[in-house]
Amino acid sequence: MKWKLPWTTEETGKLPQHVAIIMDGNGRWAKKHKLSVSRGHRQGTETLREIIRHTDDLGIRALSLYAFSTENWNRSEEEVAALMQLILDFFASEIDELDEKNVRILILGDKSRLPEKQRETLIEAEKRTAGNTGLRLNIAVNYGGRAELVKAAREIAALVRDGSLSEDEITEETISDHLYTRGQPDVDLLIRTSGEQRLSNFLLYQNAYAEFIFPDTLWPDFTVHDYDLALDAFIHRERRFGGRQEAGG
Ligand code: IPE
Ligand code: IPE
Ligand code: MG
């Protein structure tokens, strides 16, 4: 049986082009079930698979997932090691299907600080899917929004220094073009699970006009149905971008 969209054609047309998700709550889920934190993260990857699949089924153009922040190095060695292992496991089990589904993978963040195996796996996934034209799947690993802006500033400064760009040619687009997400639409909808209501350094520039939704559900418990509810709430929001919907006074 063909999977059926829960929305009318008109509503489907209002789905976000770019969804960003801060997958939060693995630690609390583990605690609640008296399991190790690593087990919580592992459970979280099950949610991840479902959400990627559903995003692809819906025809959403881009999905950005926060997997590991520049600040997450501050966690215990054991937890960092478990998260690094999950990166390897995730790609080993998913890359064939993702590639088959025409998904293009992009890693957001500085890969140079990652262990060699992880770095190679991520580079390989990007290379293998570089020619794909379906869902843009951005996975943020060792990512920080401020670090991304510093990187952009340095690249732009180098262009000005070597004369290929003048100071007054720098526009908002110039900055967008020097972010990891260059060429992709800005984030339309940001979802952060677990009830926390903050950005934690995720896609600072790209989230400028995003709609925020903060479900209380912990990431390992987050279902496709919860995702549909968030998308449905988004569809019915009125986005103004600083303008006015109708003339009035
Ligand atoms: C989010 O879950 C996953 C990562 C940060 C990698 P947490 O581990 O932050 O879960 P809580 O916030 O402790 O519940
Ligand atoms: C943000 O979650 C990072 C990821 C989900 C990968 P954190 O749990 O690390 O963020 P804070 O510390 O609660 O802000
Ligand atoms: Mg957290």
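Definitions and cut-offs
Residues numbered from 1 in each chain as written. Chains lettered and ligands numbered in written order. Predicted model: local features only at pLDDT ≥ 70, side-chain atom pairs only at ≥ 80, totals over all residues. Heavy atoms only, no water. Axes fitted to C-alpha atoms, helices over the stretch in contact; angles between N-to-C directions. Helix = DSSP H or I, 4+ residues; strand = E, 2+ residues; numbered from the N terminus. Parallel < 35°, antiparallel > 145°, perpendicular 65-115°, else oblique. Left-handed = near helix turned anticlockwise from the far one by under 90°. Contact = heavy atoms within 4.5 Å. Nonpolar A, V, L, I, M, F, W, Y, C, P; charged D, E, K, R; others polar. Phe/Tyr/Trp six-rings, centres within 6.5 Å; stacked < 30°, edge-to-face > 60°. Buried < 20%, exposed > 50% of the residue type's maximum accessible area, 1.4 Å probe, protein only. Lys NZ or Arg CZ within 6 Å of the ring centre and 35° of its normal. Near = heavy atom within 4 Å. Polar contact = N/O pair within 3.5 Å; in protein donor to acceptor, adjacent residues only side chain to side chain. Areas by Shrake-Rupley, 256 points an atom, 1.4 Å probe, with all protein chains shown as cover.

1. Details of the packing of helix 3 (residues 37-58) against helix 8 (residues 224-235)
In the contact formed by helix 3 and helix 8, the axes pass within 10 Å of each other and the chain directions differ by 45 degrees. Here helix 3 is positioned oblique relative to helix 8, judged by the angle of their axes. In this structure, helix 3 crosses over helix 8, and the sense of that crossing is right-handed. Where helix 3 abuts helix 8, its residues Glu50, Ile51, His54, Thr55 and Leu58 lie against Val224, Tyr227, Asp228 and Leu231. The class makeup of the residues in the contact of helix 3 with helix 8 is five nonpolar, two polar and two charged.

2. Description of the packing of aromatic side chains
Tallied over the full model, the rule gives ten aromatic pairs. A centroid spacing of 6.5 Å and a plane angle of 55 degrees characterise the contact between Phe222 and Tyr227, whose relative ring orientation is tilted. The pair Phe222 / Tyr227 is uniform in exposure class, with both members buried. Its end group placed over the ring of Tyr180, Lys151 keeps NZ or CZ at 4.8 Å from the ring centre.

3. Observations concerning the site of ligand 1
The immediate surroundings of ligand 1 are formed by Met23, Asp24, Gly25, Asn26, Gly27, Arg28, His41, Ala67, Asn72, Arg75, Glu79 and Leu83. Within the backbone of Gly27, an N or O atom sits 2.9 Å from an oxygen atom of ligand 1. Take Arg75: an N or O atom from its side chain is 2.7 Å from an oxygen atom of ligand 1. Look at ligand 1: alone it shows 380 Å² of surface, and the protein chains cover 82% of it. Elements with a contribution of two residues or more to the shell around ligand 1: helix 2 (26-32) and helix 4 (77-100). Looking at side-chain class alone, the shell around ligand 1 contains three nonpolar, five polar and four charged residues.

4. Re the site of ligand 2
Taken together, Ile22, Met23, Asp24, Tyr66, Ala67, Phe68, Asn72, Arg75, Arg192, Arg198 and Ser200 make up all the residues around ligand 2. At 3.3 Å from an oxygen atom of ligand 2 is found a side-chain nitrogen or oxygen belonging to Asp24. In isolation ligand 2 exposes 390 Å². Once the protein is present, 77% of that is buried. Class assignment for the residues of the shell around ligand 2 results in five nonpolar, two polar and four charged.

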